[in-house]
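# Report on the structure
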Amino acid sequence: MQQDRANYGRPREPGDDLETGSSSYESYEGYGDRGGRAGYIPMRDTGKSLSPSDERSWSALSHLSVLVWPVTGFLPVAPLIIWLVYKNQSPAVGFQALQSFWYQAAWLLLGAVGSLVATLFVVLTFGLGAFVVAPLGFLLGLVPFVHQLYAAYKVRQGVDYRYPFIANMLDSGEGR
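Analysis parameters
- Residues numbered from 1 in each chain as written.
- Predicted model: local features only at pLDDT ≥ 70, side-chain atom pairs only at ≥ 80, totals over all residues.
- Heavy atoms only, no water.
- Salt bridge = Lys/Arg side-chain N within 4 Å of Asp/Glu carboxyl O.
- Core = buried A, V, L, I, M, F, W, Y, C linked by side-chain atoms within 4.5 Å.
- Buried < 20%, exposed > 50% of the residue type's maximum accessible area, 1.4 Å probe, protein only.
- Helix = DSSP H or I, 4+ residues; strand = E, 2+ residues; numbered from the N terminus.
- Contact = heavy atoms within 4.5 Å.
- pLDDT = per-residue confidence, 0-100.
- Phe/Tyr/Trp six-rings, centres within 6.5 Å; stacked < 30°, edge-to-face > 60°.
- Lys NZ or Arg CZ within 6 Å of the ring centre and 35° of its normal.

## Some thoughts on the pattern of salt bridges
- Scanning the model with the defined rule gives 2 salt bridges in all.
- Between aspartate 171 and arginine 162 there is a salt bridge; the shortest N-O distance is 2.0 Å.
- One network of salt bridges, in which partners are shared, links Asp160, Arg162 and Asp171.

## Remarks on the nonpolar core
- Residues Phe95, Leu98, Tyr103, Ala151, Val155, Tyr161, Tyr163, Ile166, Ala167 and Leu170 constitute the largest nonpolar core, which totals 10 residues.
- For this core, the elements supplying multiple residues, two or more each, are helix 5 (91-124), helix 6 (130-156) and helix 7 (166-171).
- Excluding its chain neighbours within four sequence positions, the residues that come into contact with isoleucine 166 are Gln99, Trp102 and Tyr103.
- In this structure, Leu50, Ile82, Val93 and Ala97 belong to the second largest nonpolar core, which totals 5 residues.

## Structural notes on the confidence of the model for the protein
- Averaged over all residues, the pLDDT of the protein equals 80, while 71% of them reach at least 70.
- Here residues 21-46 is a poorly scored stretch, pLDDT under 50, and it has 39 contacts once near neighbours within four places are set aside; other chains count.

## A closer look at the packing of aromatic side chains
- Tallying each qualifying case throughout the model produces 7 aromatic pairs.
- Considering the side-chain rings of tryptophan 58 and tyrosine 86, the 4.7 Å spacing of their centres and the 35 degrees angle between planes classify their relative orientation as tilted. Linking tryptophan 58 in helix 2 (residues 52-64) with tyrosine 86 in helix 4 (residues 77-86), this pair joins segments that are 28 residues apart in sequence.
- The buried category is assigned to tyrosine 86, whose relative accessible area is 12%.
- Grouping aromatic residues by their ring pairs yields a cluster made of Tyr103, Trp107, Tyr150, Tyr161 and Tyr163.
- We note lysine 87 situated over the ring of tryptophan 83; from NZ or CZ to the ring centre the distance is 4.5 Å.

Right, here's the structure in full:
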């Protein structure tokens, strides 16, 4: 049991000290190829960076977080949490999460203004406007969901997906 604890779930490497759990990789140059695993870096040295696969996964999850809106009360909480956690570890994940947050916030604002205008229209047409407003509201309500699913798909493929206007705002430093 003590040997497993010192290993923290990673395979044993030359130079591991099983008593303290530390390793002596500092004596190796560049961490190169270790037993057929090219580019292996010990766990304790990976604290501040993410692998490209993890970056793509967290970036995609920040866009997919639109699917948890009904759970969070239609608030963009999940991309904000992802941004807070990963902004220092990965600029790519931080940018995608912040971009997703502002995109969702913009759609919430548009939805609130649209609902107010739609309600006013329905009242002024004595209820007949509901035949226009209901289907239109449903279709417009699907736009952020579909767009963010597409963004998650593109980010997962490794594309640096950028929302119009929002990405430019973030690049200029206004949203940070």
